[in-house]
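Spelled out from the first residue to the last, the chains are:
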Amino acid sequence: MVSGAGSPADRQRIQIVSIVLPTYEGERYLAEAVRSCLTQSYPHLELLVVDDGSRGAIRPIVEATGDARVRYLRHTVN
């Protein structure tokens, strides 16, 4: 948006960026990948971690972030 263009409501609208992070048996790298996403300079984001039927501990790693911008989605089969 061009600075000064549009109504005051348009200028205050926040654009949310969605990051989709698919994983399958990726516990080894997941915490680092999540941390990398959450430390980006653009603060208005949501991180969707999609567990594609892992047998491991994906959910506890995601929940340990304690960040409301992170959501966990799980497929029951790969």
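Caption draft 1: Representation of the overall build of the chain in the model. Summing up its helical and strand segments, the chain has three helices and three strands in all. In the chain, buried positions account for 24% of the 78 residues. For the chain, contacts bridging at least 24 residues in sequence account for 63% of all contacts bridging at least 6. If you sum the accessible surface of the chain, you get close to 5,500 Å²; carbon and sulfur atoms cover 53% of it.

Caption draft 2: Structural context of the environment of Asn78. Relative to the assigned elements, Asn78 resides in the segment after β3 (70–75). With a relative accessible area of 59%, Asn78 lands in the exposed category. Each C-alpha atom, one on Asn78 and one on Arg55, is 9.9 Å from the other, the two residues being 23 residues apart in sequence. Among all residues touching Asn78, those that are not within four sequence positions of it are Tyr24, Asp52 and Gly53. A distance of 3.1 Å separates a polar side-chain atom of Asn78 from the backbone oxygen of Asp52.

Caption draft 3: Quick peek at the pattern of salt bridges. In total, this model carries five salt bridges according to the counting rule given. Among the ionic pairs, Arg55 bridges to Glu25, the shortest N-O distance being 3.7 Å. One end of the pair, Arg55, is in the loop between β2 (45–52) and α3 (58–63); the other, Glu25, is in the loop between β1 (17–23) and α2 (27–38), and 30 residues separate them in sequence. Linking Arg59 and Glu63 is a salt bridge whose minimum nitrogen-to-oxygen distance equals 2.7 Å. Separated by four residues within a single helix, Arg59 and Glu63 lie in helix α3, roughly one turn from each other.

Caption draft 4: Main features of the sheet that holds β3. Overall, parallel pairing links the three strands, which are arranged β1-β2-β3 in an open sheet. Of all the strands in the sheet, just β1 and β3 have a single pairing partner and so form its edges. Neighbour-to-neighbour, the strand axes of this sheet turn through a mean angle of 20°, independent of strand direction. Running at roughly 160° to β2, α2 makes contact with β1, β2 and β3 of the sheet.

Caption draft 5: View of the side chain of Asp51. Topologically, Asp51 is positioned in strand β2. For Asp51, a relative accessible area of 1% corresponds to the buried category. A polar side-chain atom of Asp51 sits 2.8 Å from the main-chain amide nitrogen of Ser54. The contact partners of Asp51, leaving out residues within four places of it in the chain, are Thr23, Ile58, Tyr72, Leu73, Arg74 and His75.

Conventions and cut-offs
Residues numbered from 1 in each chain as written. Predicted model: local features only at pLDDT ≥ 70, side-chain atom pairs only at ≥ 80, totals over all residues. Heavy atoms only, no water. Helix = DSSP H or I, 4+ residues; strand = E, 2+ residues; numbered from the N terminus. Buried < 20%, exposed > 50% of the residue type's maximum accessible area, 1.4 Å probe, protein only. Contact = heavy atoms within 4.5 Å. Areas by Shrake-Rupley, 256 points an atom, 1.4 Å probe, with all protein chains shown as cover. Polar contact = N/O pair within 3.5 Å; in protein donor to acceptor, adjacent residues only side chain to side chain. Salt bridge = Lys/Arg side-chain N within 4 Å of Asp/Glu carboxyl O. Pairing = 2+ DSSP bridges. Axes fitted to C-alpha atoms, helices over the stretch in contact; angles between N-to-C directions.

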